[in-house]
Amino acid sequence: MQDDDVVARARRALGKRDLVFVGLMGAGKSAIGKMVAQALDIPFVDSDHEIERVSRMTINDLFAAYGEPEFRSLETRVIERLLKTGPRVISTGGGAFINDNTRRVIRDMGGLTVWINADLETLWVRVSKRDNRPLLKTANPRETLANLMAARYPIYAEADITVMSRDAKKEIIMREVMEAIAAHALPASIQEADHAG
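Within each chain, residues carry numbers counting from 1 in the order of the written sequence. Local features in a predicted model are, by the rule used here, given only for residues with pLDDT of at least 70; side-chain atom pairs are given and counted only at 80 or more, and totals for whole chains, interfaces and linings are based on all residues. The side-chain values count all of the structure's non-hydrogen atoms but skip hydrogen atoms and water molecules.

Asks: Looking at this model, I keep getting lost on the overall build of the protein chain. Mind explaining?
Replies: Counting its secondary structure elements, the protein chain contains 9 helices and 5 strands. Secondary structure elements of the protein chain occur, N-terminal to C-terminal, as α-β-α-β-α-α-β-α-β-α-α-β-α-α. Here the term buried applies to any residue with accessible area under 20% of the maximum for its type, exposed to any over 50%, and partly exposed to those in between, with areas from a 1.4 Å probe on protein chains only. With 197 residues in all, the protein chain has 45% of them scored as buried. When contacts within the protein chain are restricted to residue pairs at least 6 apart in sequence, those whose partners lie at least 24 apart make up 74%. Helix and strand definitions here come from DSSP, where helices need a minimum of 4 consecutive H or I residues and strands a minimum of 2 consecutive E residues; each element is numbered from the N-terminal end. In this analysis, two residues are considered to be in contact whenever any of their non-hydrogen atoms come within 4.5 Å of each other.

Asks: What exactly am I supposed to notice about the pattern of salt bridges here?
Replies: Should the charged atoms of two oppositely charged side chains come close, the side chains can pair. The working definition used for a salt bridge is a side-chain nitrogen of Lys or Arg within 4 Å of a carboxyl oxygen of Asp or Glu. Taken as a whole, this structure holds 11 salt bridges when the rule is applied. Residue Asp5 is joined to Arg9 by a salt bridge in which the shortest nitrogen-to-oxygen separation is 3.5 Å. Of this pair, Asp5 and Arg9 both sit in helix α1 (residues 3–14), separated by 4 residues, roughly a single helical turn. Residue classification places Asp5 among the partly exposed residues on the basis of a relative accessible area of 34%. Residue Arg166 pairs with Glu176 through a salt bridge whose shortest N-O separation is 2.7 Å. Pair noted here: Arg166 is in the loop between β5 (161–164) and α8 (170–183) and Glu176 is in helix α8, with a separation of 10 residues, a long-range link. On the accessibility criterion, Arg166 (31% relative accessible area) is partly exposed. What you see here is one network of salt bridges that share partners, running through Glu50, Arg53 and Arg81.

Asks: Looking at this model, I keep getting lost on the packing of helix α3 (residues 47–55) against helix α4 (residues 59–82). Mind explaining?
Replies: The angle between the axes and the distance between the axes are what describe a pair of packed helices. Here an axis means a line fitted to C-alpha atoms, over the contact stretch when the element is a helix, while the angle between two N-to-C directions is reported on a 0 to 180 degree scale. α4 packs onto α3 with a crossing angle of 110° between their chain directions and a minimal axis gap of 9 Å. It follows from the interaxial angle that α3 and α4 lie roughly perpendicular. Along the contact surface, α3 presents Ser47, Asp48, Glu50, Ile51, Glu52, Arg53, Val54 and Ser55, while α4 presents Ile59, Leu62, Phe71, Leu74, Glu75, Val78, Ile79, Arg81 and Leu82. For the contact of α3 with α4, the class distribution of residues is 9 nonpolar, 2 polar and 6 charged. Oblique is the label for every angle not falling under 35 degrees (roughly parallel), over 145 degrees (roughly antiparallel), or within 65 to 115 degrees (roughly perpendicular). Note on residue categories: nonpolar means Ala, Val, Leu, Ile, Met, Phe, Trp, Tyr, Cys or Pro, charged means Asp, Glu, Lys or Arg, and polar means any other residue, Gly included.

Asks: How should unusual backbone geometry be read in this particular structure?
Replies: Working note: non-glycine residues mostly have negative phi, and peptide bonds are mostly trans. In this structure, the amide linkage connecting Gly86 to the following residue, Pro87, adopts the cis form with an omega of -5°. Phi angles above zero are rare outside glycine, and Asp41 is one such case at about 60°. Inspection of the secondary structure assignment puts Asp41 in the loop between α2 (29–40) and β2 (44–46). Overall, the relative accessible area of 64% leaves Asp41 in the exposed class.

Asks: Sorry, what's going on with the sheet that holds β2 here?
Replies: Backbone hydrogen bonds hold the strands of a sheet together, and the pairing may be parallel or antiparallel. In this analysis, strands are considered paired if DSSP registers two or more bridges between them. Strands sit in the order β2-β3-β1-β4-β5 across an open sheet of 5 strands; the sheet is parallel. Strands with a single pairing partner mark the edges of an open sheet, and in this sheet they are β2 and β5. Direction aside, the axes of adjacent strands within the sheet are offset by 20° on average. The sheet strands contacting α3 are β2 and β3 (89–91), and the helix crosses β2 at an angle near 65°. Strands in contact with α8 are β1 (19–22), β4 (112–117) and β5; relative to β5, the strand with the most contacts, it is inclined by about 160°.

Asks: What should I look at first to understand helix α6 (residues 120–127) in this one?
Replies: Since one α-helical turn is 3.6 residues long, residues separated by three or four positions face the same way. Among the residues making up α6, those that are buried are Thr122, Leu123 and Val127. Considered in projection along α6, the buried side chains sweep an arc of 115° and stay on one side of the axis. By the N-cap criterion, in which a side-chain oxygen at the helix start approaches the backbone nitrogen of a residue two or three places on, α6 is capped by Asp119, the distance to Glu121 being 3.3 Å. Each direction from the helix axis to a C-beta atom contributes to the arc, which is the arc of those directions. Residues adjacent in sequence count toward polar contacts only when both atoms are side-chain atoms; beyond that, a polar contact is any pair of N or O atoms within 3.5 Å, and within protein one must be able to donate a hydrogen and the other to accept it.

So far we have only geometry, and geometry alone does not tell us how the molecule works.
If you want it as structure tokens, here you go:
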């Protein structure tokens, strides 16, 4: 199968919807999201970067100053605004999809969700290299990460598409995402309405 064919089918399947990447920190949402956006020739935005831009504060500072509930409320508002001007690829923070309000907003606004799934070892190797994860500032960050996986994975599993991240080239994961999007076509009735308009 030609790469161009996968891209064309993925574009058709996505239509005017936004593609929303969800998953735990370190899964590769931003890296893979950027590559998918480039392949589809649509804009990419990282919701955490957008939150920092509009608040003029870092995620760490927001957590410290306002706590997680207030941060999640801001995150929902920012993601809702991003979903109003698609299609685009949106990479979300690890806790975004866990929030009932954010999940509902993404669903109600027609976002197509992609869970980048990864095992504990893969995530730990990636996140232990940097000290910018507020939720991992604990006595045993690896155990905290395992607990986050246990709590969040059943909710991430509600995403429309799941692709496994692993120790493989980003291009391979990106292609698997594109193939999954291509296979996740819009319902025929919506496609016909799109062509009619």
